[in-house]
Amino acid sequence: MTKRRRPDAGVCRECGVEFRVYNTGPMPGRCRPCKSRWRPPRTYADRRAGYRANRLARVMAVRKCIDRAQAATTPKAARRGLPWTPAEDAAVLGSDLRDVETALLVGRTYQAVVARRHTLRKHASTG
Ligand SMILES: [Zn+2]
């Protein structure tokens, strides 16, 4: 004869752990941790609300990053305002360096490097 399981005990449907007191109610058959961990499924509106709540913080974080890079490269940008040479264009397009490092290498500001690559790619794509 097999050992009978207590009728009020069970195995959690979520994690498989045995529990002693069977849960009834909105989440039957779950252990206590799984029951308390459960949240209603996130809807599209929930995700949109989360996105909007964090939007400004993320924009400001990116802005801070750009400002820091610009501040680091501006004092050393000896070629600021001068025409771009083919060697500089090549460095902007084909370099494995980070944009800040490229800017320091060619004597431009960070934003100048970003804008120059944007311009070069735009012209390359439109012909
Ligand atoms: Zn569980």
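Structure: above.
Residues numbered from 1 in each chain as written. Predicted model: local features only at pLDDT ≥ 70, side-chain atom pairs only at ≥ 80, totals over all residues.

1. Overview of the overall build of the protein
Consideration 1: Helix and strand counts for the protein stand at five helices and two strands.
Consideration 2: Counting from the amino terminus, helix and strand elements in the protein follow one another as β-β-α-α-α-α-α.
Consideration 3: For 127 residues, the compact-globule estimate of 2.2 N^0.38 gives 14 Å, and the C-alpha radius of gyration of the protein, at 29 Å, exceeds that figure by more than 25%.
Consideration 4: Taken along its principal axes, the extent of the C-alpha atoms in the protein is 90 × 35 × 35 Å. (Helix = DSSP H or I, 4+ residues; strand = E, 2+ residues; numbered from the N terminus. Rg over C-alpha atoms; globule rule 2.2 N^0.38 Å.)

2. As for helix H5 (residues 110-126)
Consideration 1: Between its terminal C-alpha atoms H5 stretches 25 Å, which fits the 24 Å expected from 17 residues at 1.5 Å a residue.
Consideration 2: Buried within H5 are the following residues: Tyr110, Ala112, Val113 and Arg116. For H5, the arc enclosing every buried residue in end-on projection is 160°, short of the 170-degree limit, so these residues lie on one face. Facing away from the buried surface of H5 by more than 90 degrees, the exposed residues are His118, Arg121, Lys122, Ser125 and Thr126.
Consideration 3: Lining the buried residues of H5 we find helix H2 (44-73), helix H3 (86-94) and helix H4 (99-106). (Expected span 1.5 Å × (residues − 1). Buried ≥ 20, exposed ≤ 12 C-beta atoms within 10 Å, placed from the backbone. Arc of directions from axis to C-beta. Contact = placed C-beta atoms within 7 Å.)

3. Some thoughts on the packing of H3 against H4
Consideration 1: At a closest axis distance of 10 Å, the pairing of H3 and H4 adopts a crossing angle of 165°. Relative to H4, the element H3 is oriented roughly antiparallel. Along this stretch, H3 crosses H4, giving a crossing that reads as right-handed. Counting all contacts with H3, which are made through Glu88, Ala91 and Val92, the residues of H4 involved are Thr102, Leu105 and Val106.
Consideration 2: Looking at the contact of H3 with H4 residue by residue, the classes come out as four nonpolar, one polar and one charged. (Axes fitted to C-alpha atoms, helices over the stretch in contact; angles between N-to-C directions. Parallel < 35°, antiparallel > 145°, perpendicular 65-115°, else oblique. Left-handed = near helix turned anticlockwise from the far one by under 90°. Nonpolar A, V, L, I, M, F, W, Y, C, P; charged D, E, K, R; others polar.)

4. Quick look at the nonpolar core
Consideration 1: One finds Ala91, Val92, Ala103, Val106, Tyr110, Ala112 and Val113 forming the largest nonpolar core, which totals seven residues.
Consideration 2: Residue assignment for this core shows that the elements contributing at least two residues are H3, H4 and H5.
Consideration 3: Counting residues per element, this core draws most heavily on H5, at three residues.
Consideration 4: Leave out the neighbours within four places in its chain, and Tyr110 touches Ala69, Gln70, Thr73, Asp99, Val100 and Ala103. (Core = buried A, V, L, I, M, F, W, Y, C linked by C-beta atoms within 7 Å.)

5. A few points about H2
Given 3.6 residues to a turn, an α-helix orients residues that are three or four positions apart in the same direction.
Consideration 1: Helix length check: H2, at 30 residues, gives a terminal C-alpha distance of 42 Å against a target of 44 Å (1.5 Å per residue), a fit within 8%.
Consideration 2: Taking the largest bend as the criterion, H2 deviates by roughly 45°, centred on Arg55.
Consideration 3: Among the 30 residues in H2, one count as buried, and that is only a small part of the element. (Bend = angle between axes of the 7 residues up to and from the residue.)

None of the figures reported here should be taken as evidence of function without further support.
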